[in-house]
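Structure assessment
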Amino acid sequence: MCSLDKRENLWILTITGDDQNRLNPTLIDSLLTTITNLATQSTPGSVLITTAKGKFFSNGFDLLYARAAGSKTAAAVRLQSMVDALKPVAAALISLPMPTIAAINGHASAAGFLLALCHDYVMMRSDRGVLYMPEVDLGLPLPDYFTAVMREKIKSPAVLRDVLLGGVKVKGREAVEMGIVDSAHDSAESVVEAAVRLGGELAEKKWVGKVYGEIRKSLYPDACKVLGLTPISLVSKI
């Protein structure tokens, strides 16, 4: 579940799942529907800010839901279905025709971490919350689009190694130093406030959304290939 509010040219998407905002089929479907509909409402100056309620931005896929299927085989099928379902959400964010900002209000783990990185700008709080990719600790392989997005968003090989192979938990100010996020702030409220300020500055640019989205796609060709996104020529429409 998620909500979408409009403040002038700013669209505020708030994740309102369970206590950890775990990505189950219901929440994933809600995100995809909301972002897909938002793409059709883009006007020059539109900006998306994504945040969440509670102590978590998102604690990743809902493994409790997967395990509730009973057998290991059935749990694996449920987990794979969530992996497959989130892929269009990542594609929708990477191709969204407007600037995007993730305001991480708390812990962002696994698929929640990936969801944040699909935004153009990432901000997080410094007083609480970590970024964490636990797959190496859980004995789970990384989906191909996770790897593709993270490889293009995290440019330092050493940082990428520590995050994906070391399973390090990264706090806000460390994440800034490592080049994973753009800024760290003292509280969840200040993160959102900073995102709104930045969103206002970006909205004043009045960029054409389709052009912005195509330029973004050109920055991340490997991720776009894995996500099934292809360039669209806009020359004939100028």
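The shown structure was predicted, so the numbers you read here are calculated from the model rather than taken from an experiment. (Residues numbered from 1 in each chain as written. Predicted model: local features only at pLDDT ≥ 70, side-chain atom pairs only at ≥ 80, totals over all residues. Heavy atoms only, no water.)

Quick notes on the environment of Ile232
Within the secondary structure, Ile232 sits in the segment after α11 (221-227). The sequence separation of Ile232 and Glu214 amounts to 18 residues, and the corresponding C-alpha distance is 7.0 Å. (Helix = DSSP H or I, 4+ residues; strand = E, 2+ residues; numbered from the N terminus.)

Examining the side chain of Lys153
By the secondary structure assignment, Lys153 is in helix α6 (residues 144-153). Among the polar contacts listed, one links the side chain of Lys153 to the backbone oxygen of His119, at a separation of 3.0 Å. Not counting residues within four places of it along the chain, the set of residues in contact with Lys153 comprises Leu117, Cys118, His119, Asp120 and Tyr220. (Polar contact = N/O pair within 3.5 Å; in protein donor to acceptor, adjacent residues only side chain to side chain. Contact = heavy atoms within 4.5 Å.)

Quick notes on helix α1 (residues 25-39)
With 15 residues, α1 should cover 21 Å at 1.5 Å per step; its first-to-last C-alpha distance of 21 Å lies within 8% of that length. Of the residues making up α1, those classed as buried are Leu27, Ile28, Ser30, Leu31, Thr34, Ile35 and Leu38. Along the axis of α1, the buried positions cluster into a sector of 160°, meaning they face one direction only. Residues of α1 that are buried make contact with β1 (2-7), β2 (10-15), β3 (47-52), α3 (72-95) and α4 (111-117). (Expected span 1.5 Å × (residues − 1). Buried < 20%, exposed > 50% of the residue type's maximum accessible area, 1.4 Å probe, protein only. Arc of directions from axis to C-beta.)

Observations regarding the environment of Leu138
Here Leu138 is to be found in helix α5 (residues 135-138). When the C-alpha atoms of Leu138 and Ser42 are compared, they prove to be 39 Å apart, with 96 residues separating the residues in sequence.

Some details on the side chain of Ser30
Along the chain, Ser30 falls in helix α1. The contact partners of Ser30, leaving out residues within four places of it in the chain, are Met1 and Cys2.

As for the pattern of salt bridges
It is possible for side chains of opposite charge to pair when their charged atoms get near one another. Summed over all chains, the structure comprises seven salt bridges. Linking Asp18 and Arg22 is a salt bridge whose minimum nitrogen-to-oxygen distance equals 2.7 Å. According to the relative accessible area criterion, Arg22 is buried, its value standing at 16%. Put simply, Glu214 and Lys217 hold a salt bridge, and the shortest N to O gap is 2.9 Å. Highlighted residues: Glu214 and Lys217, both in helix α10 (residues 209-219), separated by three residues, approximately one helical turn. (Salt bridge = Lys/Arg side-chain N within 4 Å of Asp/Glu carboxyl O.)

Quick word on α3
When the terminal C-alpha atoms of α3 are compared, their 35 Å separation across 24 residues agrees well with the 34 Å that a helix rising 1.5 Å per residue should span. Among the residues of α3, those classed as buried are Ala75, Leu79, Met82, Val83, Leu86, Val89, Ala90, Ala91, Ala92, Leu93 and Ile94.

Brief notes about the packing of α3 against α10
Where α3 contacts α10, the two axes come as close as 8 Å, and the packing angle between them is 115°. For the pair α3 and α10, contact is made by Leu93, Ile94 and Ser95 and by Gly213, Arg216 and Lys217, respectively. Here the contact of α3 with α10 is composed, by residue class, of two nonpolar, two polar and two charged. (Axes fitted to C-alpha atoms, helices over the stretch in contact; angles between N-to-C directions. Nonpolar A, V, L, I, M, F, W, Y, C, P; charged D, E, K, R; others polar.)

Digging into the sheet that holds strand β7 (residues 121-125)
Overall, mixed pairing links the six strands, which are arranged β1-β2-β3-β5-β7-β10 in an open sheet. Edge strands, defined here as strands with exactly one partner in the open sheet, are β1 and β10 (183-185). Across this sheet, the average inter-strand angle for adjacent strands is 20°, counted without regard to direction. Where β1 lies against β2, six bridges are found, and the strand directions are antiparallel. If you follow Arg7 over to β2, its bridge partner there is Leu10. Together, β1, β2, β3, β5 (100-104), β7 and β10 form the strand contacts of helix α9 (residues 188-203), whose direction differs from that of β7 by roughly 160°. (Pairing = 2+ DSSP bridges.)

Digging into the sheet that holds strand β6 (residues 107-109)
Pairing is mixed across the open sheet formed by four strands, whose spatial order is β4-β6-β8-β9. Strands at the two margins of the open sheet, each flanked by one partner only, are β4 (56-58) and β9 (169-170).

Quick word on the nonpolar core
Across soluble globular proteins, nonpolar side chains show a tendency to be buried alongside one another. By size, the foremost hydrophobic cluster in this structure holds 60 residues, and its most contacted members are Phe61, Leu86, Leu131, Met150 and Ile180. No other element matches α3, which puts ten residues into this core. Those residues in contact with Met150, other than ones at most four positions away along the chain, are Phe113, Leu114, Leu117, Met133, Leu160, Val163 and Leu164. Ranked by size, the runner-up nonpolar core spans 13 residues in total, among them Ile12, Val47, Ala195 and Leu202. (Core = buried A, V, L, I, M, F, W, Y, C linked by side-chain atoms within 4.5 Å.)

Comments concerning a nonpolar patch on the surface
Where nonpolar side chains cluster on the molecular surface, the patch consists of Val208, Val211, Ile215 and Leu219 and spans about 350 Å² of accessible area. Looking at where Val208 falls in the secondary structure, it is placed in the loop between α9 and α10. (Patch = residues over 30% accessible without salt bridge, like charges linked within 9 Å, V, L, I, M, F, W, Y side chains within 5 Å. Areas by Shrake-Rupley, 256 points an atom, 1.4 Å probe, with all protein chains shown as cover.)

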